[in-house]
Amino acid sequence: MAAITLELLRHYAAYDAWARDRQWQVTKTVEEGELICALQGLDSLGSKWAHLLDAIDLWLTRIGGRNPGAMPDPWRFATIKELEAHKSAVLARWEAFLATLDDERIGHTIEWRNLKGEPAAMPLGNILQQLLWHGQYHRGQISSALRAIGKQPPGTDFLIYLRENQ
Amino acid sequence: MSLLHSIQRQFRHDAWAKARLAEAVRGLTDAEFARDLGPGFGSVRAKFCHTVDAEHLWLQRIVDGVSAAERPNDNRHATRAEFLGWYEQVQARKQALIAGLTEDRLRVGISYRNLSGKPFTQPLYELLQHVALHAAYHRGQIAACLRALGKQPPATDYIDWSRENP
């Protein structure tokens, strides 16, 4: 059984999409050199975005029954245009997947092999909670990266989301 | 899976993740803990203290019915020991709130005023979602601060905890 309700998962997923879009609106205004500018402790703004999207892609691939042996290089996107194309492709898959969820499905056990090839298994709902929480953790880092390159990060608090969407 | 169980589980993960970060703080010197790491970062002290102060602010609003008009200074703790004492105190109060929740209580409206004095009423579970998401966002920033200090931040992913706590 999943350790989270479908109602909560949907709520978090909607918030996640809203917050990601708010950060993207600021991210896309940075100069291209700033996207791959190395920031101590944070890698770079571009690599944080790539990691966030690659994690979604990795899990969708595992849920689909395939097990990649490595994560792609998070530094591979040199321009906003390249990163945006990747973002659109991953999020289209993600949103299509979210639309298929129901109570029964989130309780199904997903089996996969981690990046070291070790077997693992967990209910789908727990995996989705991991992904949404992972997104929130890195949202904090993207915000720090934006501030470090002189941009004002947008407010992405859950309470702001609720006020704008209720 | 109920809303109550989902929320309580989120806070069990949150407590575990915070305890791991507190352990990392114990491994720093007081000077590292307080070191200003530059724009976008602040310090481990400021980020961790902000996270704990936010929880305290919500405990006051939810449990005590008191809406503070301002937040304390994030840099007020001179030492790690002083901060960790505050951290333990707030965590104990938060655990008591989470342990005493019921399904009905989660849906009760909580009235409070924000820092500008504006009144709001929202169901308790939404406020608790906000508290958990806010903590996850700042965990990412504390991890970036630790990395900027040359330390390896602890793994705090939900999936790492969930593997041991199915």
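Along each chain, numbering runs from 1 in the same order as the chain's sequence is written. A letter from A marks each chain and a number from 1 marks each ligand, given out in the order of writing. For this predicted model, a pLDDT threshold of at least 70 governs which residues receive local features, and a threshold of 80 or more governs which side-chain atom pairs are given and counted, while totals over whole chains, interfaces and linings are taken from all residues. By convention in this description, side-chain values take in all heavy atoms of the structure and omit both hydrogens and water.

So, the interface of chain B and chain A
On the side of chain A, 37 residues touch chain B, which itself brings 39 residues to the contact. Two parts lose some accessible area (1.4 Å probe) when they are put together, and adding that loss for both gives the buried area. A buried area of about 3500 Å², summed over both sides, lies between chain B and chain A, and 58% of it is on carbon and sulfur atoms. Of the charged contacts in the structure, one is a salt bridge between Arg107(B) and Glu7(A), with a shortest N-O distance of 3.9 Å. Think of a polar contact as two N or O atoms within 3.5 Å of one another; within protein, one of them needs to be a possible hydrogen donor and the other a possible acceptor, and neighboring residues in sequence only count if both atoms come from side chains. Where chain B packs against chain A, one counts 15 residue pairs in polar contact (both at pLDDT 80 or more). Secondary structure elements follow DSSP: runs of H or I no shorter than four residues count as helices, runs of E no shorter than two count as strands, and numbering proceeds from the N terminus. Listing elements by their share of the side of chain B that touches chain A, those giving two or more residues are helix H1 (3-26), strand E2 (119-123), helix H6 (124-148) and helix H7 (158-164) of chain B. In what follows, residue pairs with any heavy atoms lying within 4.5 Å of each other are defined as contacts. Salt bridge, as applied in this entry: a Lys or Arg side-chain nitrogen positioned within 4 Å of an Asp or Glu carboxyl oxygen.

What to know about the pattern of salt bridges
Residue and element names in this part refer to chain B. Counted according to the given criterion, the structure contains 19 salt bridges over all chains. Lys18 is the partner of Asp14 in a salt bridge, and the nearest nitrogen-oxygen pair spans 2.7 Å. Linking Asp14 with Lys18, this pair stays in helix H1, spanning four residues, or about one helical turn. This pair shows no difference in class: Asp14 is buried, exactly as Lys18 is. Note that Arg93 is salt-bridged to Asp64, the shortest N-O span being 2.8 Å. Note that Arg93 is positioned in helix H4 (residues 80-99) and Asp64 in helix H3 (residues 44-64), a separation of 29 residues in sequence. On the basis of relative accessibility, which here comes to 39%, the residue Asp64 falls in the partly exposed class. Sharing partners across several salt bridges, the network here consists of Asp14, Lys18, Glu55, Lys94 and Arg139. Buried residues are those whose accessible area, probed at 1.4 Å on protein chains only, stays under 20% of the maximum for their type, while exposed residues exceed 50% and partly exposed ones sit between those limits.

Brief notes about the packing of aromatic side chains
Aromatic pairs are defined between Phe, Tyr and Trp rings, using the six-membered ring for Trp, whenever the two ring centres lie within 6.5 Å; interplanar angles under 30 degrees are classed as stacked, those over 60 as edge-to-face, and all others as tilted. If you walk through the whole model with that rule in mind, you get 17 aromatic pairs over all chains. Ring centres of Tyr12(A) and Trp133(A) lie 4.9 Å apart, and the angle between their planes is 75 degrees; on these two criteria the pair is classed as edge-to-face. Of this pair, Tyr12(A) sits in helix H1 (residues 6-27) while Trp133(A) sits in helix H6 (residues 124-148); the two residues are 121 residues apart in sequence, bridging distant segments of the chain. One aromatic cluster is present, built from ring pairs that chain together Tyr12(A), Tyr15(A), Trp18(A), Trp133(A), Phe158(A) and Tyr161(A). Cation over ring: Arg61(B) sits above Trp58(B), and NZ or CZ is 4.4 Å from the ring centre. The ring of Tyr125(B) carries Arg107(B) above its face, with NZ or CZ at 5.6 Å from the centroid. A ring is scored as having a charge over it whenever the NZ atom of a lysine or the CZ atom of an arginine sits within 6 Å of its centre and within 35 degrees of its normal.

Some words on the packing of H6(A) against H6(B)
The convention used is that axes are lines fitted to C-alpha atoms, helices contributing only their stretch in contact, and that angles between N-to-C directions extend from 0 to 180 degrees. As a packed pair, H6(A) and H6(B) sit with axes 7 Å apart at the nearest point and diverge in direction by 55 degrees. Classified by the angle between their axes, H6(A) and H6(B) sit oblique to one another. Here the hand of the crossing between H6(A) and H6(B) comes out right-handed. Counting all contacts with H6(A), which are made through Trp133(A), Gln136(A), Tyr137(A), Arg139(A), Gly140(A), Gln141(A), Ser143(A) and Ser144(A), the residues of H6(B) involved are Ala132(B), Leu133(B), His134(B), Ala136(B), Tyr137(B), Arg139(B), Gly140(B), Gln141(B), Ala143(B) and Ala144(B). Each residue receives one of three labels: charged for Asp, Glu, Lys and Arg, nonpolar for Ala, Val, Leu, Ile, Met, Phe, Trp, Tyr, Cys and Pro, and polar for the others, Gly being one of them. When grouped by side-chain class, the residues that make up the contact of H6(A) with H6(B) number eight nonpolar, eight polar and two charged. Any angle between 65 and 115 degrees counts as roughly perpendicular, while under 35 counts as roughly parallel, over 145 as roughly antiparallel, and the rest as oblique. Less than a right angle of anticlockwise turn of the near helix away from the far helix marks a crossing as left-handed, whereas a clockwise turn marks it as right-handed.

Observations regarding the pairing of strand E1 (residues 109-113) of chain A
All names here are of chain A. Here E1 shows a clear split, with Ile110 and Trp112 buried on one side and none of Thr109, Glu111 and Arg113 buried on the other. When DSSP finds two or more bridges between a pair of strands, those strands are recorded as paired. In this sheet, strand E2 (residues 119-123) lies alongside E1 in antiparallel orientation, the contact comprising five bridges. Pairing of Trp112 across the sheet is with Ala120, part of E2. In sequence, E1 turns back onto E2 through a hairpin of five residues, with Gly117 there showing a positive phi of about 90 degrees.

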